[in-house]
Amino acid sequence: MIIVMQLGASPDQIEAVAAAIKAKGLEPLVLPGEDRTAIGIPATLNNDLRTDLEAQIGAMEGVSKVTQTSRPYKLASREFHREDTVVRVKDVAIGDGSFVIMGGPCSVESYEQFSQAAQVVKRTGATVLRGGAFKPRTSPYAFQGLAEEGLRIMQRVGDETGLVTISEVMSGDLVPLVARYVDILQIGARSMQNFPLLIEAGRSGKPVFLKRGPSATIDEFLLAAEYVLSQGNPNVILCERGVMPVDRSYTRNTLDLSAIPVLKEHTHLPVIADPSHGTGVAKYVLPMAKAAMVAGADGVMVEMHPNPKEALSDGSQALTSDQFERVVTELRTLGTAVGISV
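Analysis parameters
Residues numbered from 1 in each chain as written. Predicted model: local features only at pLDDT ≥ 70, side-chain atom pairs only at ≥ 80, totals over all residues. Heavy atoms only, no water. Pairing = 2+ DSSP bridges. Helix = DSSP H or I, 4+ residues; strand = E, 2+ residues; numbered from the N terminus. Axes fitted to C-alpha atoms, helices over the stretch in contact; angles between N-to-C directions. Contact = heavy atoms within 4.5 Å. Expected span 1.5 Å × (residues − 1). Polar contact = N/O pair within 3.5 Å; in protein donor to acceptor, adjacent residues only side chain to side chain. Phe/Tyr/Trp six-rings, centres within 6.5 Å; stacked < 30°, edge-to-face > 60°. Buried < 20%, exposed > 50% of the residue type's maximum accessible area, 1.4 Å probe, protein only. Lys NZ or Arg CZ within 6 Å of the ring centre and 35° of its normal. 1 Å grid on protein atoms, 1.4 Å probe; cavity = no way out; pocket = protein on both sides within 12 Å on 5 of 7 lines; lining within 4 Å. Points joined across faces, edges and corners; volume = space filled by probe spheres on them. Nonpolar A, V, L, I, M, F, W, Y, C, P; charged D, E, K, R; others polar.

Within the closed barrel, the eight strands sit side by side as E7-E8-E9-E10-E11-E12-E13-E14. Their pairing is parallel. Neighbour-to-neighbour, the strand axes of this sheet turn through a mean angle of 25°, independent of strand direction. Relative to strand E13 (residues 271-273), strand E12 (residues 236-240) is paired through three bridges, and the arrangement is parallel. Bridge assignment links Leu 238 to a residue of E13, and that residue is Val 271. Relative to strand E10 (residues 184-187), helix H6 (residues 195-204) is tilted by about 170°, and along the sheet it contacts E10 and strand E11 (208-211). Strands in contact with helix H7 (residues 218-229) are E11 and E12; relative to E12, the strand with the most contacts, it is inclined by about 160°.

Structure, rendered in structure tokens:
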């Protein structure tokens, strides 16, 4: 339920509505806007309670109208929160209209490897450094990451370069550990509906970067974000990273570019595209990154490795340093042409 206050409603009138909601055992969420304030109730209401609230609150001073949200997700909905959410991490703003570039290797393999990758990210002007310390792999025999040692390397390199760091967390019990070392918690596609993990990530207070599951609908994706938001954590970043392809002969996944404008219409949360996982092929990353920008994404996450042929994971989709620099340069040129700051 959303209560829209009248233009110029006083703070006392807003507080009175919030108090009436609390008296029903519900928690109001006050949402200031540019011209008027809205108050949301992020809960499923039974018919009697809904009718009672509509009658009581609709008659209160300063109230313009009482409406129902039409989406199963509430806090993630634009009906609930009309203004774009901007996630700020150190000096980086995600969702403010600029285009953010995140880069780095799939896995942290050593200090030397990760530091070298970070220098490339820094030199190009990209602002977020990615890297995996815990790696969910299909085979139990594949490289699983350096665990806490990888996190220590990330923190050290992040401090040395000043870059914002992001790394994946795979289970709820690991959230405090990963949150101790990195700036943004990534929840991977395989974990999108790991609800205990979503709850713990929300409780951490850290920004959460949520990847869409390979078979997830838009509603399922946004309901996963709702789990994080419902813990009082507003800093959620969505990532479109590709859905299951019809034909795996050419690409690892199908990057669902159409999801970007759909998400931008229905949610206030920033949306990042991942053309590396979205295609699984290095040579397709640049054109899909450009397409994501034009489609309205708030940025891209791109895999880059100092020597992709020696990468311990996902080498086929990782860019070389020169290729990554070209991606950043061409995105900056495209951004200038369409009025987007990179």
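What follows concerns the sheet that holds strand E4 (residues 63-67). Sheet architecture is open: four strands sit in the order E2-E3-E1-E4, paired in antiparallel fashion. In the strand order of this sheet, the two ends are held by strand E2 (29-32) and E4, each with one partner. Geometrically, the sheet is characterised by an average inter-axis angle of 20° between neighbouring strands, direction not taken into account. In this sheet, E4 lies alongside strand E1 (residues 2-5) in antiparallel orientation, the contact comprising four bridges. Within the sheet, the bridge partner assigned to Ile 2 lies in E4 and is Thr 67. Across the sheet, helix H2 (residues 47-58) lies against E1 and E4, angled at about 170° from E4, the strand it touches most.

On to H2. For H2, with twelve residues, the first-to-last C-alpha span of 16 Å sits near the 16 Å given by 1.5 Å per residue. Taking the backbone nitrogen of Asp 48 as reference, a side-chain oxygen 3.2 Å away marks Asn 46 as the first, capping residue of H2.

Let us look at helix H3 (residues 111-124). Taking 1.5 Å as the rise per residue, H3 with 14 residues should run 20 Å; its terminal C-alpha atoms sit 20 Å apart, in good agreement. Those residues of H3 hidden inside the fold are in contact with strand E7 (100-104), strand E8 (128-130), helix H4 (148-161) and helix H11 (321-338). In the segment just after H3, Gly 125 is the residue with positive phi, at about 95°.

Time to look at the environment of Val 262. Mapped onto the fold, Val 262 is located in helix H8 (residues 259-266). Considered as a pair, Val 262 and Gly 296 are 34 residues apart in the sequence and their alpha carbons are 9.8 Å apart.

Applying the stated criterion across every chain yields a total of one aromatic pair. Look at Phe 195 and Tyr 227: their rings are 4.5 Å apart centre to centre, the planes differ by 20°, and that puts the pair in the stacked class. You can see Phe 195 sitting in helix H6 and its partner Tyr 227 sitting in helix H7, a full 32 residues away along the chain. Residue classification places Phe 195 among the partly exposed residues on the basis of a relative accessible area of 31%. According to the relative accessible area criterion, Tyr 227 is partly exposed, its value standing at 31%. Its end group placed over the ring of Tyr 111, Arg 156 keeps NZ or CZ at 3.8 Å from the ring centre.

Here we take up the environment of Asp 12. With respect to the helices and strands, Asp 12 occurs in helix H1 (residues 11-22). The class of Asp 12 is exposed, set by a relative accessible area of 63%. In this structure the C-alpha to C-alpha distance between Asp 12 and Lys 283, which are 271 residues apart in sequence, comes to 59 Å.

The computed volume of the largest pocket comes to approximately 450 Å³. Lining the largest pocket are 25 residues, with Pro 136, Arg 190, Arg 241, Arg 252 and His 277 positioned closest to its centre. For the lining of the largest pocket, the element with the most residues is strand E9 (residues 164-168), which contributes three residues. Here the residues of the lining of the largest pocket sort into six nonpolar, nine polar and ten charged. Counted as a void, the second largest pocket has a volume near 210 Å³. Forming the walls of the second largest pocket are 13 residues, and the residues nearest its centre are Leu 29, Leu 75, His 81, Leu 229 and Pro 234.

Our next topic: the environment of Asp 173. Along the chain, Asp 173 falls in the loop between E9 and helix H5 (175-181). A residue is classified by how much of its surface remains accessible, and Asp 173, at 62% relative accessible area, is exposed. Sequence separation between Asp 173 and Pro 140 is 33 residues; the distance between their C-alpha atoms is 20 Å. Among the polar contacts listed, one links the side chain of Asp 173 to the side chain of Ser 171, at a separation of 2.5 Å.

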